[in-house]
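One-letter residues, chain by chain:
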Amino acid sequence: MTKTWSVESWKDRHANQQPTYADMSALREVLAVLRLMPPLVTSWEIDHLKSLIGEAQAGTAWLLQGGDCAESFEDCQAEPIASKLKVLLQMSLVLVYSSRQRIIRVGRIAGQYAKPRSSDVEEQDGVTLPTYRGDLINRRGFSESHRRADPQLLLRGYERSALTLNFIRALSQGGFADLHHPENWKLLFAAGSDESTRYRQLVNSLSEAVRFIEAISNTPLEELRRVDFFTSHEALHLHYEQALTRESVRGCGWYNLGTHMPWLGDRTRALDGAHIEYLRGIRNPIGVKVGPSMSADEVCELARVLNPSNEPGRLTLIHRLGAAHIAAKLPPLLEAIQSAGKQVLWICDPMHGNTRSTSSGHKTRRFDDVLGELRQSIQIHKDVGSHLGGVHLELTGENVTECVGGAAGLTEDDLHTAYQTHCDPRLNYEQAMEIAFSIADEIRKK
Ligand code: PEP
Ligand code: CO
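Here's a quick rundown of the structure. (Residues numbered from 1 in each chain as written. Chains lettered and ligands numbered in written order. Predicted model: local features only at pLDDT ≥ 70, side-chain atom pairs only at ≥ 80, totals over all residues. Heavy atoms only, no water.)

A look at unusual backbone geometry
Reasoning step 1: One non-glycine residue, Arg 100, adopts positive backbone phi at about 55 degrees.
Reasoning step 2: Looking at the element boundaries, Arg 100 is found in the loop between helix H3 (78-99) and strand S2 (102-108).
Reasoning step 3: When its relative accessible area of 66% is taken as the criterion, Arg 100 is described as exposed.
Reasoning step 4: The residue Asp 125 is not glycine, and still its phi comes out positive at about 45 degrees.
Reasoning step 5: Residue Asp 125 is classed as exposed on the basis of its relative accessible area of 81%. (Helix = DSSP H or I, 4+ residues; strand = E, 2+ residues; numbered from the N terminus. Buried < 20%, exposed > 50% of the residue type's maximum accessible area, 1.4 Å probe, protein only.)

Take a look at the structure:
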């Protein structure tokens, strides 16, 4: 690892999962334009999120991170964005109410446009083309021109991120997110289900509590009119991330100002790789996915390289081990981090270790595996004296049919009815709320 970091020292390392651009000068021109564009977030917001994650590490807050596997340009529309925000707000309400802890809301949103792929190429009917790598890079259709990596898409991605974030900021700063108006928080799903009854009761008692406090203090609770909402995406395309990385005007270092919390995927976390080199030098709170191939030594080395000063809130480790493997794989990792005295926030991604294919060729996940991994995870942390401080989910606020199971009993035969994901299967609205209630129960038990 080089001693001195610069915003482009990653270029001296091998970068996995990068597209190949046929015209490098076209790429350079686009990056020069991107470097001049205004940032999407500020270093003050980023520092604020870092201090909140520090609280989650200390056990006084909980991190809820969720959204699409891959955002798409065509879904940059009012309805899908508002419903994603709504399901995350509703889940956080359930969690805050039962855990009596502050909930930190972080969307996989406003920039989640680049995807790691297991193969560089895709073959159909004897034709081999580059694989689709997300809307930031190329297009989904199967032709040479669709699959060509197009630098202009970096600008389109930046613009869609800005449009999405603008709408999120407007919604979360008042009106829509105002707890004084629980009608905004109404559930969309079937009245009469257990979750909808529990949720209605929760909103009613919360509204009563708000009215009570305001009556006795004779002051409206301004804090309840708005919510904090942060963004995150996988920091995969390093040219793009670099172009949005700027030196702070306060002279306190370099920040990725394209998102609050960039994270590293399980496929790009090689210790000697370009992604780690890039991330180690920025000041944002960062996440790293921890998959089944991670060893105890590696996880400690990762924490040392990415957080040499052991700064609170800096590093979130997102384990995604799978319901079948977590019991064997997680304890040694937790123990290693503990005995090395590393400050990290552990959160659980119960999605990516539980993906399977059906006979009809759909990628799916079983609700019971997702919930099972989460429950095991809470117990394992407790058993080894560690602490699970959050969850990382792929979800949507809409009524899709991508994951099987849950209270509505979705089966594999139902998957074709509303299978809309461009990448991994997401929990739908009801399944996401059901997970929130189950986590709430587990936290309360603890
Ligand atoms: C993802 O979060 O969409 C993803 C690809 O995860 P992982 O890197 O953990 O496989
Ligand atoms: Co995914």
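Resuming the write-up.
Regarding the layout of surface pockets
Reasoning step 1: By volume, the second largest pocket amounts to about 430 Å³.
Reasoning step 2: Along its surface, the second largest pocket is lined by 23 residues, and Pro 116, Arg 267, His 352, Lys 363 and Asp 424 are the ones closest to its centre.
Reasoning step 3: Classifying every residue of the lining of the second largest pocket by side-chain character gives five nonpolar, six polar and 12 charged. (1 Å grid on protein atoms, 1.4 Å probe; cavity = no way out; pocket = protein on both sides within 12 Å on 5 of 7 lines; lining within 4 Å. Points joined across faces, edges and corners; volume = space filled by probe spheres on them. Nonpolar A, V, L, I, M, F, W, Y, C, P; charged D, E, K, R; others polar.)

Description of the packing of aromatic side chains
Reasoning step 1: Scanning the entire structure with this criterion turns up two aromatic pairs.
Reasoning step 2: Residues Trp 5 and Trp 254 carry aromatic rings whose centres are separated by 6.2 Å and whose planes lie at 65 degrees to one another, so their mutual orientation is edge-to-face. In this pair, Trp 5 sits in the segment before helix H1 (24-36) while Trp 254 sits in strand S7 (residues 254-256), placing the two residues 249 residues apart along the sequence.
Reasoning step 3: On the basis of relative accessibility, which here comes to 26%, the residue Trp 254 falls in the partly exposed class.
Reasoning step 4: Each ring, one from Phe 73 and one from Tyr 113, has its centre 4.9 Å from the other, and the planes form 80 degrees; the classification is edge-to-face. Residue Phe 73 is found in the loop between strand S1 (61-67) and H3, and its partner Tyr 113 is found in the loop between S2 and strand S3 (121-124); the two are separated by 40 residues along the sequence. Accessibility classification places Phe 73 together with Tyr 113 in one group, the buried group.
Reasoning step 5: One cation-aromatic arrangement involves Arg 100 over Tyr 97; the distance from NZ or CZ to the ring centre is 5.2 Å. (Phe/Tyr/Trp six-rings, centres within 6.5 Å; stacked < 30°, edge-to-face > 60°. Lys NZ or Arg CZ within 6 Å of the ring centre and 35° of its normal.)

Section: the site of ligand 1
Reasoning step 1: With respect to spatial proximity, the complete set of residues near ligand 1 consists of Cys 69, Arg 108, Lys 115, Pro 116, Trp 263, Gly 265, Asp 266, Lys 289, Arg 320, His 352 and Glu 394.
Reasoning step 2: A distance of 2.8 Å is found between an oxygen atom of ligand 1 and a backbone nitrogen or oxygen belonging to Asp 266.
Reasoning step 3: A distance of 3.0 Å separates an oxygen atom of ligand 1 from a polar side-chain atom of His 352.
Reasoning step 4: When ligand 1 is considered free in solution it has 290 Å² of accessible area, and contact with the protein chains removes 97% of it.
Reasoning step 5: More than half of the atoms belonging to ligand 1 lie within 2 Å of the grid points that define the second largest pocket. (Near = heavy atom within 4 Å. Polar contact = N/O pair within 3.5 Å; in protein donor to acceptor, adjacent residues only side chain to side chain. Areas by Shrake-Rupley, 256 points an atom, 1.4 Å probe, with all protein chains shown as cover. Sits in = over half its atoms within 2 Å of the grid points.)

Quick look at empty space enclosed by the protein
In this approach the atoms are scanned with a rolling probe the size of a water molecule, which exposes any empty space left behind.
Reasoning step 1: Counted according to the given criterion, the structure contains three cavities of 30 Å³ or more.
Reasoning step 2: Here the lining of the largest cavity is composed, by residue class, of three nonpolar, two polar and four charged.
Reasoning step 3: In this structure, the second largest cavity occupies an estimated 40 Å³ of space.
Reasoning step 4: Gly 111, Gln 112, Tyr 113, Ala 114, Leu 136, His 233, Glu 234, Tyr 240 and Glu 241 are the residues that line the second largest cavity.
Reasoning step 5: Breaking the lining of the second largest cavity down by element, the ones donating at least two residues are strand S5 (230-234) and helix H7 (238-243).
Reasoning step 6: Classifying every residue of the lining of the second largest cavity gives four nonpolar, three polar and two charged.

By themselves these figures say nothing about function.
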